[in-house]
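Spelled out, the chains give:
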Amino acid sequence: MTLNVAVLGYRFMGKAHSNALARLPMFFPDAPDVHRHTLIGRNEEALASAADELGFEHTATDWESVVDEVDAFYNLGPNHIHAEPSIAALKADTPVFCEKPLAPTLDEAEKMRDAAADSDAIAGCAFNYRFVPAIQYAKGLIDDGTLGEIRHVRGSYMQDWLTDADAPWSWRNDAELAGSGALGDLGAHTIDLARFVVGDVAGDIERISGNLQTFVAERPVEGTDETRPVTVDDAYSAQATFENGAMGTFEASRVADGHKNDHTIRIHGSEGSLRFSLERLNELEYKGADHRGYETILMTDADDPYLDHWWPPGHVLGWEHTFVHENYEFLSAVRDGVAFSPSFEDGYAVQQILDAIERSDDSGEWVSL
């Protein structure tokens, strides 16, 4: 069975997912055959060049003509165009894979979740960090009770690409286009990881408080003498309480000088702790109840999650491999007609928490979920 795939967007995420589609037949022989059918964008000249580079047979400047003509539709555009094309594809019963956050607002995310529930097609939200081998291994340890009762869940995502006040304005600095700043861009990943790794043991987040801050009020528009206002947050922090009583602390920043893509998660339980950093994504640090300190586990053995598809033990993977893993799982689910997670329901659950953090920042009070 060959799946015809259409992709909306050909820049950062378009390249990441297109690379993953190209790698599948080489390293995952049990994956479905994939035909990179149509690449969708606005600029015909740039689109034609990108289609040639990324291996797509056709191009289109309107998604409406494509969503009911393919076997899977990838929505990798900016946040403000996640809802309409994805909903249209689901109404046509075309499986959808949509980048995170699911939508700029909770209302739009709810409409997307409802469209997925009403469709016979699979709808996946692209939280690629679930598919890091170390994260999969960590979840297994927690689910098996190795850490005992979960007491602390700590997540941090630090970047520095907006530290300079003269860094140019982009759609990610606009509330109408992005929804939020570091909160939705980075915090969505952290919140989803927390739900994924400890949710089956610690339960859902029951209440949360949040603080958002914008440090640079306006930024220059590249190639002009103009500036535009920044209407989203540069950084956020939050405190949360899980169903079992565990404490959650989350933060993200796009102005944390010295941090390029520093996503960390720390889990502390009554019988041990785990520590993971994306900047060392082949390692998981584990402290058992009878250990004096952490030991570092190199996640490259053949029996570690996904590693049997790649290189001999000791040969590390990279960020791009997480996209191969999630594309393998999503497209296999499409072929086999089975459920896929993270789903639009998962994306909506994350959006509820992001929305609650914003409401807490507005009110100065804890928000119940």
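If you're wondering where the values come from, they're calculated on a predicted model, not measured in any experiment.

Engineer: Where do I start with the domain arrangement of the protein in this structure?
Structural biologist: Where interface size is quoted, it is often the accessible area lost as the parts come together. Here the protein is partitioned into domain 1 (3-128) and domain 2 (129-363). Computed from C-alpha atoms alone, the centre-to-centre distance between domain 1 and domain 2 is 22 Å. Each partner contributes to the interface: domain 1 provides 49 residues, whereas domain 2 provides 45 residues. Of the roughly 4,100 Å² buried where domain 1 meets domain 2, counting both sides, 70% is carbon and sulfur surface. Considering only the surface of domain 1 that becomes buried against domain 2, Phe28, Phe127 and Asn128 emerge as the three largest contributors, covering 22% of it. The interface formed by domain 1 and domain 2 includes one salt bridge.

Engineer: How should the pattern of salt bridges be read in this particular structure?
Structural biologist: Oppositely charged side chains can form a pair if their charged atoms are brought close together. Here the structure, examined in full by the defined rule, presents 16 salt bridges. Between Lys100 and Asp185 there is a salt bridge, with its nearest N and O atoms 3.2 Å apart. Of this pair, Lys100 sits in the loop between strand 5 (96-99) and helix 4 (106-118) while Asp185 is found in helix 7 (residues 182-202), placing the two residues 85 residues apart along the sequence. As far as burial versus exposure is concerned, Lys100 and Asp185 are alike and both buried. In this structure, a network of salt bridges that share partners links the residues Lys100, Arg172, Asp185 and Arg254.

Engineer: When you look at the environment of Val96 in this model, what are you seeing that I'm missing?
Structural biologist: When you line up the elements, Val96 lands in strand 5. Sequence separation between Val96 and Ala109 is 13 residues; the distance between their C-alpha atoms is 14 Å. Excluding residues within four positions of it along the chain, Val96 makes contact with Phe73, Ser86, Ala89, Leu90, Ile122, Ala123, Gly124, Phe330 and Phe344.

Engineer: When you look at the environment of Ala256 in this model, what are you seeing that I'm missing?
Structural biologist: Tracing the backbone through its elements, the reader meets Ala256 in the loop between strand 12 (247-253) and strand 13 (262-269). On the accessibility criterion, Ala256 (14% relative accessible area) is buried. With 95 residues separating them along the chain, Ala256 and Trp161 place their C-alpha atoms 8.3 Å apart. In this structure Ala256 touches Met158, Gln159, Asp160 and Thr163, once residues within four positions along its chain are discounted.

Engineer: How do you make sense of unusual backbone geometry when you look at a structure like this?
Structural biologist: Glycine aside, residues mostly have negative phi, and peptide bonds are mostly found in the trans state. Look at the link from Lys100 to Pro101: it is a cis peptide, with omega at -15°. You can see Pro101 is positioned in the loop between strand 5 and helix 4. Residues Ser341 and Pro342 are joined by a peptide bond in cis, for which omega reads 10°. Phi at Asp93 is positive, roughly 60°, even though this residue is not glycine. One can find Asp93 in the loop between helix 3 (83-91) and strand 5.

Engineer: In this structure, what is going on with the sheet that holds strand 17 (residues 367-368)? I would like to understand it.
Structural biologist: Each strand in a sheet pairs with another by means of backbone hydrogen bonds, the pair being arranged parallel or else antiparallel. Spatially, nine strands are ordered 16-15-14-13-7-12-11-8-17 in an open sheet, and the strand pairing comes out mixed. Across the chains shown, the open sheet's two edge strands, defined by having one partner strand only, are strand 16 (295-298) and strand 17. The pairing of strand 11 (residues 235-242) with strand 12 spans seven bridges and is classified as antiparallel. Note that in strand 12 the partner of Ala238 across the bridge is Phe250. Here helix 9 (residues 344-363) sits on the sheet and contacts strand 8 (205-213), strand 11 and strand 17; the angle it forms with strand 8, its principal contact strand, is near 60°.

Conventions we followed
Residues numbered from 1 in each chain as written. Predicted model: local features only at pLDDT ≥ 70, side-chain atom pairs only at ≥ 80, totals over all residues. Heavy atoms only, no water. Domains from an automatic or database assignment. Contact = heavy atoms within 4.5 Å. Buried area = accessible area lost by both parts, 1.4 Å probe. Salt bridge = Lys/Arg side-chain N within 4 Å of Asp/Glu carboxyl O. Helix = DSSP H or I, 4+ residues; strand = E, 2+ residues; numbered from the N terminus. Buried < 20%, exposed > 50% of the residue type's maximum accessible area, 1.4 Å probe, protein only. Pairing = 2+ DSSP bridges. Axes fitted to C-alpha atoms, helices over the stretch in contact; angles between N-to-C directions.

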